[in-house]
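# Structural characterization, general
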Amino acid sequence: MSDKILTWEEAVQWLRNQPERHELVKHCYYDDPLYSTAERFSESEEWSALTKLLKHKIPGQVLDIGAGRGISSYAFAKAGCSVTALEPNSSDLVGAVAIRNLSNSTGLSIQVVQDWGETLPFPDHAFDIVYGRAVLHHAQDLNQLCKEGSRVLKHGGYFIATREHIISKKEDLQDFLDSHPLHFLYGGENAYLLKEYTTAIRSAGLQVLQNLAPFESVINYAPMTQAEYQNLVKSFLARRFGNTLGSKLAEFKMVQDFYGWYISQKLNNPGRLYSFLAVKP
C-alpha cells in the first residue's frame, strides 16, 4: 500500500479487503450487498432506540446530513418519511451514487443532494427532523453546520446527532486519531470536547433535550446488544450483592439506566461516543 493519503472511498475499500477486519466492516455497515446492509440497520436495536426518541416526528420530512451509503436514509424512508440525503461524496461505495442505487433497487424514494452541511441548499423551516449519524465530528465548521441545521428545521422540529466522538481534553485528540482504524489512511477523523458540541448546538438556537452518554443508550454502545449490556450490569451487581440479588436487580430498567449513567461518568477513553437530541423552539 502506498504512503499517500487515500480518499475516504479508498480507505473503506482497503478496510473491506482485510479479512481480519470482517467484523469491523460489518459493524460499520460497510459490507455488501448494500440493500441487505441497510435492511440490517433498519432492524437494529440502534434504529429502534432512535425511532423511540423521534416518534412524535415520524413519519415526517427528514434531512439526513452526511448520509454516506444511505443506511439511515433507507430506514427513515422505510418508516414512511420523506427523506433528503445530503452527501457531498459522489462515490458508488460510500457516497451519493451508492444512495441513488439503493433507492432505485429498493423502490424507496430518497432525494439525494450533493452538498455540504455548512451550506445547506434548502429554504428555512423545511424539515421536521435534521439528523446526522457520526457527522458533527467531521464538520469543517461545527458552529456553522449546527446553525444551518437549525435554520432548515421547522419550529418544534428535532435536531439529532448520534455517535459523536468525545475527548476530555484537547491533548487527547492525537491518542484518538492514532487509535482510529482508518485515520492513518485518509486523515479525516476528528473529535471535540463535550462542551464544544453542546455550545455549538445551543448557539444555533436549539434547546438540548438529551445528552446521551456512552452507556446510556444502545445508540452509542452498539454493536453491543442490549442483552449483552444487561449482562454487564448483572456482572457488576453480582460482584457487590451476590448472583441471586444481582441478577434480580439487573432486570429493572431504572437500575440499568443508573449503571449506564454511572459507568459513563467514569469513562475517559478518547473518542467515546455521545449522542445529542435538541429541539427548535
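Definitions and cut-offs
- Residues numbered from 1 in each chain as written.
- Predicted model: local features only at pLDDT ≥ 70, side-chain atom pairs only at ≥ 80, totals over all residues.
- Heavy atoms only, no water.
- Axes fitted to C-alpha atoms, helices over the stretch in contact; angles between N-to-C directions.
- Helix = DSSP H or I, 4+ residues; strand = E, 2+ residues; numbered from the N terminus.
- Left-handed = near helix turned anticlockwise from the far one by under 90°.
- Contact = heavy atoms within 4.5 Å.
- Nonpolar A, V, L, I, M, F, W, Y, C, P; charged D, E, K, R; others polar.
- Expected span 1.5 Å × (residues − 1).
- Buried < 20%, exposed > 50% of the residue type's maximum accessible area, 1.4 Å probe, protein only.
- Parallel < 35°, antiparallel > 145°, perpendicular 65-115°, else oblique.

### Quick look at the packing of helix α3 (residues 34-42) against helix α5 (residues 71-78)
Between α3 and α5, whose axes approach to 8 Å, the crossing angle comes to 65°. Along this stretch, α3 crosses α5, giving a crossing that reads as right-handed. Contacts between α3 and α5 involve Leu-34, Tyr-35, Thr-37, Ala-38, Glu-39, Phe-41 and Ser-42 on the former and, on the latter, Ile-71, Ser-72, Tyr-74, Ala-75 and Lys-78. When the residues that make up the contact of α3 with α5 are grouped by side-chain class, the tally is 7 nonpolar, 3 polar and 2 charged.

### Topic: unusual backbone geometry
Across the junction of Asp-32 and Pro-33, the peptide omega takes the value 0°, indicating a cis bond. Along the polypeptide, Pro-33 turns up in the loop between α2 (22-27) and α3. Across the junction of Ala-222 and Pro-223, the peptide omega takes the value 20°, indicating a cis bond. Checked against the element boundaries, Pro-223 lands in the loop between α11 (218-221) and α12 (226-241). In this structure, Tyr-29 takes a positive phi of about 60° despite not being glycine. Position of Tyr-29 relative to the elements: it lies in the loop between α2 and α3. If you check the backbone angles, His-125 has positive phi at about 60° while not being a glycine. Relative to the assigned elements, His-125 resides in the loop between β3 (110-113) and β4 (127-133).

### Considerations on α12
Between its first and last C-alpha, α12 extends 22 Å over 16 residues, near the 22 Å set by a 1.5 Å rise per residue. Every buried residue belonging to α12 is among Tyr-229, Val-233, Phe-236, Leu-237 and Ala-238, and all of these are buried.

### What about the packing of α12 against helix α14 (residues 253-266)?
Two numbers describe how α12 lies on α14: the axes approach to 10 Å, and their chain directions differ by 85°. By the angle between their directions, the pair α12 and α14 is classed as roughly perpendicular. For the pair α12 and α14, contact is made by Tyr-229, Gln-230, Leu-232, Val-233, Phe-236 and Leu-237 and by Val-255, Gln-256, Tyr-259, Gly-260 and Tyr-262, respectively. Looking at the contact of α12 with α14, its residues break down into 8 nonpolar, 3 polar and no charged.

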